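Residue-level structural notes
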Amino acid sequence: MPATEPRYLEDFEVGDRIETDAVTVTRDMIRAFAQHYDPQPMHLDEAAAQGTVFGELVGSGWQTLALTMRLLVDARLLGGTPIVGAEFKDMRFHAPMRPGDSLRASAEVLGIQPSKSRPERGFMDLKVTTTNAVGEPLVTQSWRLVVPSRAAVAP
C-alpha cells in the first residue's frame, strides 16, 4: 500500500511493528531547541552542563519526544491518515539524548478496539520506543490513537 494511502483500523493487527529511519542530533539542534523550549544549563552550555547530573551537554527530553513524533510522521505510521492522539502515558526516560546520537523510533501495535459508540473510528494502542544508534532505549511510552475505520468511507 502506498505511504500516501490512508490506513484504517482494520489494516492493523496486534504485533505489527513500524520502524522509522534515523535522524542524527547535533549540538546546534540541541541548543536551538533548548533556547526556545527548555532553557536549562545542561541543554545550552557545555561548561555549565558539566556541573549537572549529566556531566555533559544533553538534549531535552521534550526534544527527544518531539523528534520521536517527527520520525513516526515521516515513517507514515498511518499512511496518509493523520496521527491523532487520544492518550499518551507511561512515559519513561531511560537515557539522555546526546549530540551525535542517531535516533530511531519503533511503534508496536498492542491492541485494537473499535469504538462502540462511533463505528467510523476506533482506538489503537502502541508501545513507542525511541533508541540511539546502539539500540539503547532513550524513551518508552504508550500511545492510544484515534484511527478511522473502514466504516468512515463506506457509501
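If you're wondering where the values come from, they're calculated on a predicted model, not measured in any experiment. (Residues numbered from 1 in each chain as written. Predicted model: local features only at pLDDT ≥ 70, side-chain atom pairs only at ≥ 80, totals over all residues. Heavy atoms only, no water.)

A closer look at the side chain of Ser149
What counts, and what does not: Counting from the N terminus, the helices are DSSP H or I runs at least four residues long and the strands are E runs at least two residues long. Whether a residue is buried, partly exposed or exposed follows from its accessible area with a 1.4 Å probe, protein chains only, as a fraction of its type maximum: under 20%, in between, or over 50%, in that order. We define a polar contact as two N or O atoms separated by no more than 3.5 Å, with the added condition that, inside protein, one atom must be a possible hydrogen donor and the other a possible acceptor, whereas residues neighbouring each other in sequence contribute only through side-chain atom pairs. Contacts are assigned to residue pairs with any non-hydrogen atoms lying within 4.5 Å of each other.
One can find Ser149 in the segment after β6 (137–148). We classify Ser149 as buried; its relative accessible area is 3%. At a separation of 2.5 Å, a polar atom in the side chain of Ser149 contacts the main-chain carbonyl oxygen of Pro119. The contact partners of Ser149, leaving out residues within four places of it in the chain, are Tyr8, Leu9, Glu10, Pro119, Glu120 and Arg121.

A word on helix α1 (residues 27–37)
Inclusion rule: Summarising the geometry, the arc corresponds to the directions from the helix axis toward the C-beta atoms.
Here α1 has its buried residues at Ile30, Phe33 and Ala34. Considered in projection along α1, the buried side chains sweep an arc of 100° and stay on one side of the axis. Across from the buried face of α1, at angles greater than 90 degrees, the exposed residues are Asp28, Gln35 and His36. Structurally, α1 contributes buried residues whose contacts are with α2 (41–44) and α4 (61–74).

Regarding unusual backbone geometry
Peptide bonds are, in most cases, trans, and in most cases residues other than glycine have a negative phi. The phi dihedral of Arg76 falls on the positive side, at around 55°, and the residue is not glycine. Mapped onto the elements, Arg76 comes out in the loop between α4 and β3 (84–93). Although it is not a glycine, Asp90 adopts a positive phi angle of roughly 55°. Here Asp90 is to be found in strand β3. For Asp90, a relative accessible area of 54% translates into the label exposed.

Points about the pairing of strand β5 (residues 121–131)
Convention followed: Note: two strands are recorded as paired if DSSP finds a minimum of 2 bridges between them.
Taken together, the ten bridges between strand β4 (residues 102–114) and β5 define a ladder with antiparallel strand orientation. The partner of Ile112 across the bridge, within β5, is Met124. Connecting β4 to the next strand, β5, in antiparallel fashion are six residues. In terms of strand pairing, β5 meets β6 through eleven bridges, oriented antiparallel. Looking across to β6, one finds that Thr131 is bridged to Pro137.

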